[in-house]
Amino acid sequence: MPVRQMKEGSEQHIVIKPQLQTTINPLQKNPKTAQNGKGPPNTEPQNNKIHNTTSSPPSRNRGRRRGRGGRKSDQGEAFMRPSSRPCTAASKPVIVAAENVLNVSVSSSSCQLVAAGSGFPSSSKSLCFAPRPGYGQLGTKCIVKANHFLAELPDKDLNQYDVTVTPEVSSRSVNRAILAELVKLYKESDLGMRLPAYDGRKSLYTAGELPFKWKEFTIKLIDEDDVINGPKREKEYKVVIKFVARANLHHLSQFLAGKRADGPQEALQILDIVLRELSIKRYCPVGRSFFSPDIRKPQPLGDGLEAWCGFYQSIRPTQMGLSLNIDMASAAFIEALPVIEFVAQLLGKDVSSRPLSDSDRVKIKKALRGVKVEVTHRGNVRRKYRVSGLTSQPTRELVFPVDDNSTMKSVVEYFQEMYGFTIKYTHLPCLQVGNQKKANYLPMEACKIVEGQRYTKRLSEKQITALLKVTCQRPRDRENSILQTVQHNDYNEDPYAKEFGIKISEKQASVEARVLPAPWLKYHKTGKEKDCLPQVGQWNMMNKKMINGMTVSRWACINFSRSVQESVARGFCNELAQMCQVSGMEFNPEPVIPIYMARPDQVEKALKHVYHACVNKLKGKELELLLAILPDNNGSLYGDIKRICETDLGLISQCCLTKHVFKISKQYLANVSLKINVKMGGRNTVLLDAISCRIPLVSDIPTIIFGADVTHPENGEDSSPSIAAVVASQDWPEVTKYAGLVCAQAHRQELIQDLYKTWHDPARGTVSGGMIRKATGQKPQRIIFYRDGVSEGQFYQVLLFELDAIRKACASLEPNYQPPVTFIVVQKRHHTRLFANNHKDRSSTDRSGNILPGTVVDTKICHPTEFDFYLCSHAGIQGTSRPAHYHVLWDENNFTADGIQSLTNNLCYTYARCTRSVSVVPPAYYAHLAAFRARFYMEPEMAENGGSPHKGSKAIREGGESGVRPLPALKENVKRVMFYC
């Protein structure tokens, strides 16, 4: 049958003012403490004030913001406030569960955060983020190279024009083709020799004005894809170009010089579009990245997918001026195969002779829906269609009406008569193209997948591993690839860059950095080594005992792996129990009941059987720990165990894979013992400075450190909720144990809705609650809030909404209770990479060739005025290390640069699950783990291939569009410990 072409695709207010700054006392020098590995520093509590000179590097930023917040970056600053209060455990904050919701709207003209109203926040440009208080001085100075390339600002006027295309076009590529044809025809006449840059939507930009304010053009566009040799289809468009505005580059220059606080986003956007214009024509654009099979040979990922290499590009304002950030990238693309071959790869079998099963059909439909194909049965005609589905019947059974009299004809007959094309594989279904009401059929063998389509669905574990191998480059190799990319792109010969007067350096930025010292760690006094100074970001548990080892008296084991015999399981449990004992725990070597063998498909029945059997034997005492041995490929089993144990039975569980049971490694057992101890409520190690009350702006008064994160559903899941998680330290002054809470919220909502809420209770009246609310022995007098997963465009909204929730939660505990808050965003999804200045100098790199753990950068490539820094706190294992980017948005605690940088770096050594410093500050890391764990709580239906929840898991939508089904509540004994580890 003929196939038809498819079209492509009233608010209340909060006012914000900075709170009064605490008076800074005169500075004193602090006695030197050993940090050279020869011995730990003196562990006696001290109230000495620490002297810190924060002289800036050569910079125009030094004294420029004396009017913003009262800080003077060219004077010495207090590293910490002294405390007249002894550092005791009597005033330890304790987290209490609470849930729910707040909506806020914002208008800011000046400064003090006042609790008021509801509605949705709008960003307020008059709110200023925390200014940089100076530059850090701690650590060993060094030079690193960054993948930032200096961009010279143009001296030309940048003009913006509005573009209207009629009939309206939804495809950016078609819009670009229309404008490219217009420029080709009219550049030398109507456009006055201007070469414009176009965003593919509504905006056109020029260097200098066009000869008109408004003009209409008629453009005829030929469909080049339709026919290879022969008559081509033509379509006519009306294009209206209208002057809108002139971008202010003086404003941008002032911002880069630190004389203005707000960056002109319009000017930055224009420059970004100009530098992308040529790459869009050369490569396949995906977000801010560009991919091509010509950059590097595509690598197969399996199941009809391949990895394309490319590069990321973005213009950024920095202290050194405008910077072009270039990084390497890779992504999964659908291989341009005949559809029959793609299906054979997807299913892993020959499909030319055997009919498909129902599960095969579902898999094919899922993989091909939305994919563009081109027909191959019409000679020179290469029409393209988007696949909407798959027929339920084989091709040989498909018939359709050919006239108004309902005369039926088979698809096989139609293709033979109309195109002379004989369908060989009549046992296979047809592709459906078009909508459900009028879908047209295309035989699989008459179609080929169009090249250059990114695969956006979930990858399998094997595909992820294969993609990581392609992505993973040693630092030296990645740096060379970046430099080659810059040379190949040859920006200084780019006609668009030339037109706009933009010049890009081909030399990487050399940046002053510092390597912060590792902190001393404290272990139990009964171990041979009571203190430990990590070397290059790592250490081990040899000769050490956990500082607070817990007791496990009542435990049981379930074996879900058929290949693990009872004797093997028993031997593994004995070894694990011994390792826990050696590491400092008290661990009963005998389980409550013998190891229980169970089938994975009867997980709930097995868990409840073991639980009740143990409770009966223990005469009412609770089971403390459940060990579970799982098959290596266990589908949804892991998630089911966690959901049932943590929300139904109130059990702490530890899962172990079969491969580790058969091949018992001391390192593996040591890591598992660390996890078990913190799940039971213990601590593995603490910072020595925490024990001796010497952490600036933490040790002096009761302080809570929060971590928060929101995880969103994967691409293609349009109904699953987002999951928010908040963890909070429970053990000031040690700040090592973090209890956590999780909640579901609206799909892809980044603001954490349940930080604070109120509701009406018939008996108690208005009740306050929320994830942030605390019940404490002594209320915390300081809050440090690390927030993960926020992009730069969301900074204002997240700060205004969530800081207000913190304020309200505190005020609900006691009127006028407003502890000072420091709010820090943690970013890992950025593209700044730092490289050793000399890769041959082994003293400046770790074993993987990466920069040393503790390397911090707060100059040159950082924000011109705001308080941010890059910190590589971990040692690399493979590939190129990605430093974390920390941006202090709000700071009422008056942290110095050294203060927040050293605190953040030191906390990275307290991560409970391993004896290595980690790449992200632990509270943010724990919040991420808790949010990921909560996805398993969304009812039993799981994805086929990964054990994470399926998008259709009773999809959490109730009570209207905004209704989100709450997650099942964590049991109280689970909530109190680090269950997510």
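Residue indices begin from 1 for each chain and proceed along its sequence in written order. With pLDDT at 70 or above as the cut-off, local features in this predicted model cover only qualifying residues; side-chain atom pairs require 80 or more to be listed or tallied, and sums for whole chains, interfaces and linings still use all residues. To get the side-chain values, all heavy atoms of the structure are used, and hydrogens and water are removed first.

### With respect to a positive patch on the surface
Filter applied, for reference: Residues form patches when they are more than 30% accessible in relative terms and have no salt bridge. Like charges link within 9 Å. Nonpolar side chains (Val, Leu, Ile, Met, Phe, Trp, Tyr) link within 5 Å. Each accessible area is a Shrake-Rupley result for a 1.4 Å probe, and residues are judged covered by the shown protein chains and nothing else. The term salt bridge refers to a pairing of a side-chain nitrogen on Lys or Arg with a carboxyl oxygen on Asp or Glu at a separation within 4 Å. The convention is simple: Lys and Arg are positive, Asp and Glu are negative, and His and the chain ends are not counted. A single reference atom marks each charge: NZ on Lys, CZ on Arg, CG on Asp, CD on Glu. Note on conventions: DSSP H or I runs of at least 4 residues are helices, E runs of at least 2 residues are strands, and numbering of each starts at the N terminus.
A grouping of R474, R476, K840 and R842 is seen on the molecular surface, where their side chains present a positively charged patch. For K840, the location among the structural elements is in the loop between β40 (834-836) and β41 (855-857).

### Comments concerning the packing of helix α4 (residues 339-347) against helix α5 (residues 358-368)
To keep things clear, this is the line we draw: Fitted lines through C-alpha atoms serve as axes, helices being fitted only where they are in contact, and the angles separating the N-to-C directions of these axes extend from 0 to 180 degrees. Angles are sorted into four bins: roughly parallel if under 35 degrees, roughly antiparallel if over 145, roughly perpendicular if 65 to 115, and oblique for all others. What makes a crossing left-handed is the near helix being turned counterclockwise from the far one by less than a right angle; a clockwise turn instead makes it right-handed. In this analysis, two residues are considered to be in contact whenever any of their non-hydrogen atoms come within 4.5 Å of each other.
Put simply, α4 and α5 touch, their axes get as near as 11 Å, and they point 120° apart. When the interaxial angle is binned, α4 and α5 end up oblique. Note on packing geometry: the crossing formed by α4 with α5 is right-handed. Judged by residue contacts, V339, F342, V343, L346 and L347 of α4 engage D360, K363, I364, A367 and L368 from α5.

### Side note on the sheet that holds strand β7 (residues 203-207)
Our working definition: A pair of strands is treated as paired once DSSP finds two or more bridges between them.
With antiparallel pairing, the five strands of this open sheet are ordered in space as β6-β7-β5-β9-β8. Of all the strands in the sheet, just β6 (197-198) and β8 (214-222) have a single pairing partner and so form its edges. Across five bridges, strand β5 (residues 158-166) lies against β7 in antiparallel orientation. Across the sheet, residue Q160 finds its bridge partner in β7, namely Y205. Contacting β5, β6, β7, β8 and β9 (234-247), helix α1 (residues 172-186) crosses the sheet at an angle of about 110° to β8.

### With respect to the packing of aromatic side chains
Geometry of an aromatic ring pair is reported as the spacing of the ring centres plus the angle between the planes. What counts, and what does not: Any pair of Phe, Tyr and Trp rings, taking the six-membered ring for Trp, is counted once the centres come within 6.5 Å. Such a pair is stacked with planes under 30 degrees apart, edge-to-face with planes over 60 apart, and tilted for the rest. The cut-offs for exposure are 20% and 50% of the maximum accessible area for each residue type, with area from a 1.4 Å probe on protein chains only; residues under the lower value are buried, those over the upper are exposed, and the others partly exposed. Cation placement over rings: the criterion is NZ of Lys or CZ of Arg within 6 Å of the ring centroid and within 35° of the ring normal.
Per the counting criterion, the structure on display carries 26 aromatic pairs. Aromatic side chains F129 and F795 sit 6.1 Å apart centroid to centroid with 75° between the ring planes, which places their arrangement in the edge-to-face category. On the criterion of sequence distance, the pair formed by F129 in the loop between β3 (111-112) and β4 (140-152) and F795 in helix α16 (residues 795-813) is long-range, its members being 666 residues apart. F129 gets classed as buried once you look at its relative accessible area, which sits at 6%. By relative accessible area, which is 4% here, F795 ends up buried. The interplanar angle of 15° and the centroid separation of 4.2 Å between the aromatic rings of W308 and F333 together place this pair among those described as stacked. Linking W308 in strand β13 (residues 305-318) with F333 in strand β14 (residues 321-334), this pair joins segments that are 25 residues apart in sequence. With respect to burial, W308 and F333 carry one shared label: buried. An aromatic cluster is defined as three or more aromatic residues linked by ring pairs; in this entry it consists of Y738, Y911, Y925, Y926, F979 and Y980. Here the basic side chain of K213 rests over the ring of F243, its NZ or CZ set 4.4 Å away from the ring centre.

### Quick look at the nonpolar core
To keep it simple, the criterion reads: We define a nonpolar core as any set of buried Ala, Val, Leu, Ile, Met, Phe, Trp, Tyr and Cys residues linked to one another through side-chain atoms lying within 4.5 Å.
Counting residues in each nonpolar core, the largest one holds 95 residues, and the members touching the most others are Y786, Y886, Y926 and Y980. Ranked by size, the runner-up nonpolar core spans 57 residues in total, among them I241, I270, Y283 and Y496.

### Overview of the pairing of β4
Consecutive side chains along a regular strand alternate between the two faces of the sheet. Pairing between β4 and strand β22 (residues 503-515): ten bridges, direction antiparallel. Note that in β22 the partner of A151 across the bridge is I504. Examined bridge by bridge, β4 and β40 share three bridges and lie antiparallel to one another. The residue of β40 that forms the bridge with K145 is F835. Where β4 meets β14, four bridges bridge the pair, whose relative direction is antiparallel.

### Describing the sheet that holds strand β29 (residues 625-630)
Strands sit in the order β28-β26-β29-β30 across an open sheet of four strands; the sheet is parallel. For this open sheet the edge positions go to β28 (596-597) and β30 (653-657), each flanked by a neighbour on one side alone. Here β29 runs beside β30; their pairing, made up of five bridges, is parallel. Its bridge partner being in β30, L630 is matched across the sheet by L657. In the packing of helix α11 (residues 603-617) onto the sheet, the strands contacted are β26 (555-559), β28 and β29, and the crossing angle to β26 comes to about 155°.

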